[in-house]
Amino acid sequence: MDAALRSHALAAKGFMPPDEGDALYDAAIAAARAVPGAPYLEVGSYCGRSTVWLGAAARAAGTVVFAVDHHHGSAENQAGWEHHDPTLVDPRTGRMDTLPLFRATIDDAGLEHEVIAVVGRSPAVARHWRTPLALLFIDGGHGEEPARADYLGWTPHVAVGGSLAIHDVFPDPADGGRPPYEEIFRPALESGRFRLRSATGSLRVLQRVD
Ligand code: SAH
Ligand code: MG
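Residues numbered from 1 in each chain as written. Chains lettered and ligands numbered in written order. Predicted model: local features only at pLDDT ≥ 70, side-chain atom pairs only at ≥ 80, totals over all residues. Heavy atoms only, no water.

## Description of the layout of surface pockets
Alright, step 1. Approximately 1,000 Å³ is the volume attributed to the largest pocket.
Alright, step 2. Among the elements that make up the lining of the largest pocket, the one with the highest residue count is helix α6 (residues 144-154) (four residues).
Alright, step 3. Computed from the structure, the second largest pocket encloses a volume of approximately 170 Å³.
Alright, step 4. Lining of the second largest pocket is provided by 13 residues; of these, Ala27, Ala30, Ser163, Arg197 and Val205 occupy positions nearest its centre.
Alright, step 5. If you list the elements that add at least two residues to the lining of the second largest pocket, you get α2 (18-34), β5 (158-166), β6 (194-200) and β7 (203-208).
Alright, step 6. The dominant element in the lining of the second largest pocket, judged by the number of residues it contributes, is α2, at six residues.
Alright, step 7. Taken together, the residues of the lining of the second largest pocket break down into six nonpolar, five polar and two charged. (1 Å grid on protein atoms, 1.4 Å probe; cavity = no way out; pocket = protein on both sides within 12 Å on 5 of 7 lines; lining within 4 Å. Points joined across faces, edges and corners; volume = space filled by probe spheres on them. Helix = DSSP H or I, 4+ residues; strand = E, 2+ residues; numbered from the N terminus. Nonpolar A, V, L, I, M, F, W, Y, C, P; charged D, E, K, R; others polar.)

Spelled out as structure tokens, the structure:
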């Protein structure tokens, strides 16, 4: 991966560990080879950290990444919760707003041609989505309901041969919250449509086979 872009990813605020970001990059490159011409889509961009790895892969592969987020934070990002960052609260509304920092991250990295922000609720965007995806990366709301909605709404859009990457998959409840594992990872495998290709930290990459 381009070293300058990688340092932009590492400098961005967010939750993607470096080795998992690198694995996501590799998965995206392989997915573009498997499904030439198709775009990537990320659910849950936050301040654009994971988006830089995907944008770098999109540039190398000659495609683009759609970055879906309402930018008001997940339940677990709100005040009083473990992953809350008070500097991301808009004083005008009292609500979280990660869109300004997301834009700054993408502009600083010079990836505005490769990264297309879609600002809205994931299920509403999914309902109107029609384009087959080379790679779908799910890292949105980690509650049971948003995780299930992302599984149902988005996984049908992964092209056969393309990849589904899921973040924060914790098979052992002692390591973290369960919904990405219970509501996305397991149903994908049990559907018979996806096969596990790699695991790096809490990142799982599956390939659509059917
Ligand atoms: N991928 C990021 C972290 C994402 S945090 C990184 O690398 O740092 C989860 C993000 O999902 C938050 O920004 C939150 O706003 C978004 N999100 C949660 N539920 C959502 C929904 N239903 N629709 C759109 N975005 C959602
Ligand atoms: Mg995550």
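## Quick word on the packing of α2 against helix α3 (residues 49-61)
In a pair of packed helices, the angle between the axes and the distance between the axes together describe the arrangement.
Alright, step 1. Here α2 crosses α3 at 30°, and the two axes come no closer than 9 Å. It follows that α2 is roughly parallel to α3 by the angle criterion. Seen along the crossing, α2 lies across α3 with a hand that is right-handed. Packed against α2, whose contacting residues are Pro18, Gly21, Asp22, Leu24, Tyr25, Ala28, Ile29 and Ala32, the element α3 presents Arg49, Ser50, Trp53, Leu54, Ala56, Ala57, Ala60 and Ala61 at the interface.
Alright, step 2. Its residues assigned to classes, the contact of α2 with α3 comprises twelve nonpolar, two polar and two charged. (Axes fitted to C-alpha atoms, helices over the stretch in contact; angles between N-to-C directions. Parallel < 35°, antiparallel > 145°, perpendicular 65-115°, else oblique. Left-handed = near helix turned anticlockwise from the far one by under 90°. Contact = heavy atoms within 4.5 Å.)

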